[in-house]
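Structure assessment
Single-letter residue listing:
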Amino acid sequence: MRLQRVLAWREVARRIAHDIRNPLTPIQLSTERMQRKYAAVHAEDPVFGECTQAILSGVNTLKRLVDEFTRFARMPVPHLEEGDLPVEIRAIVDTYRTTYPGIRWEFRQEGPPLAWFDPIQIRRAVTNLLDNAAAALEGRGSVTVACTHDEAAGKVRIDVADDGPGIPPGDRDRLFEPYFSRREGGTGLGLAIVSAIANDHGGAVRMRDNTPRGTVFEMEFPVRPPANGNIGSVAPGIDDGRRGS
């Protein structure tokens, strides 16, 4: 049912992106032309500069929204390849350690040494989870990212745990719905994209409370694609005979 809703929302996102994108360019070009032609004439009138700048700022905001809608609507089929998942995730965490020095970032690795995944999509999913954690902490706190391996189940799990204020009970059932967000300026697509990527990898994403406070998001998917190859596609040059081994 969740997958059906996501597919329906992708179609909505595609239409929204198409309908909004068309008028943005002429609005931007016309405003920039007005600035060039009339800025000198209205140099002593601050209203002209403020209004034209407000239009351009609004256009840029809409463009960012359209880009997010487009990315959500056109989620690519994952191209799985065998790689070192912990190394991939550690590199992302290191980037956030530099970007948010007020937050304590910790990375824990408990395997697996190798897994099958789409590097671009997994980076996108982890980035969205880290963005959410950083926003919840508002620049102060700690985030622990763990990559673990359930050998018996044949699955890999990525946990992102923060010690922020947590998720209100009334919001939890809607967390992964497209366009649901309590964050000012948020599109509500971040967790929906994470959920779609997890589904495309044959897995799922869940949320639970952290102890003693905060939130944990768990993304889990098979270490290897199934023998029937239903999950995504294997990247070119990889031996298909290894899918179910």
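The structure this text deals with has already been given above.
For the structure given in this document, a descriptive report is provided here.

Analysis parameters
- Residues numbered from 1 in each chain as written.
- Predicted model: local features only at pLDDT ≥ 70, side-chain atom pairs only at ≥ 80, totals over all residues.
- Heavy atoms only, no water.
- Helix = DSSP H or I, 4+ residues; strand = E, 2+ residues; numbered from the N terminus.
- Buried < 20%, exposed > 50% of the residue type's maximum accessible area, 1.4 Å probe, protein only.
- Contact = heavy atoms within 4.5 Å.
- Areas by Shrake-Rupley, 256 points an atom, 1.4 Å probe, with all protein chains shown as cover.
- Lys, Arg positive; Asp, Glu negative; His and termini not counted.
- Salt bridge = Lys/Arg side-chain N within 4 Å of Asp/Glu carboxyl O.
- Polar contact = N/O pair within 3.5 Å; in protein donor to acceptor, adjacent residues only side chain to side chain.
- Pairing = 2+ DSSP bridges.
- Expected span 1.5 Å × (residues − 1).

The next point concerns the overall build of the protein. Assigned secondary structure in the protein consists of 5 helices and 8 strands. Residues counted as buried form 40% of the 245 residues belonging to the protein. In the protein, the share of contacts with a sequence separation of at least 24, taken over all contacts with a separation of at least 6, comes to 72%. When the accessible surface of the protein is summed, it comes to about 13600 Å², and 52% of that surface belongs to carbon and sulfur atoms.

The next thing to look at is the side chain of Asp-162. Residue position: Asp-162 is located in strand E5 (residues 155-162). The side chain of Asp-162 is buried and forms no salt bridge, while Arg-213, the nearest opposite charge, is found at 7.0 Å. Of note is the side chain of Asp-162, whose polar atom sits 2.8 Å from the backbone nitrogen of Gly-164. In this view, Asp-162 contacts Ala-133, Leu-137, Ser-142, Val-143, Asn-210, Arg-213, Gly-214 and Thr-215; residues no more than four positions away in its chain are not counted.

Next up on the list: the pairing of strand E7 (residues 215-222). Counted residue by residue, E7 has 8 buried out of 8 residues, so it is predominantly covered. Note that E5 and E7 share 8 bridges and pair antiparallel. Within the sheet, the bridge partner assigned to Ile-158 lies in E7 and is Met-219. Pairing between strand E6 (residues 204-209) and E7: 6 bridges, direction antiparallel. Bridge assignment links Ala-204 to a residue of E7, and that residue is Glu-220. The loop that links E6 with its antiparallel partner E7 comprises 5 residues; one of these, Gly-214, has a positive phi angle of about 110 degrees.

Moving on, we come to helix H4 (residues 119-137). Over its 19 residues, H4 extends 27 Å from the first C-alpha to the last, a length consistent with the 27 Å expected when each residue adds 1.5 Å. Those residues of H4 that sit buried are Pro-119, Gln-121, Ile-122, Ala-125, Val-126, Asn-128, Leu-129, Leu-130, Ala-133, Ala-134 and Leu-137. Residue Asp-118 occupies the N-cap position of H4, its side-chain oxygen lying 3.0 Å from the main-chain nitrogen of Ile-120. Phi for Glu-138, located one or two positions after H4, is positive at around 55 degrees.

This part covers the environment of Arg-97. By secondary structure assignment, the location of Arg-97 is in helix H3 (residues 85-99). The class for Arg-97 is partly exposed, based on a relative accessible area of 34%. Taking the C-alpha atoms as reference, Arg-97 lies 9.9 Å from Val-143; in sequence the two are 46 residues apart. Beyond its immediate stretch of four places on either side in the chain, Arg-97 contacts Trp-105, Glu-106 and Phe-107. For Arg-97, the side chain forms a polar contact with the side chain of Asp-94, separated by 2.5 Å.

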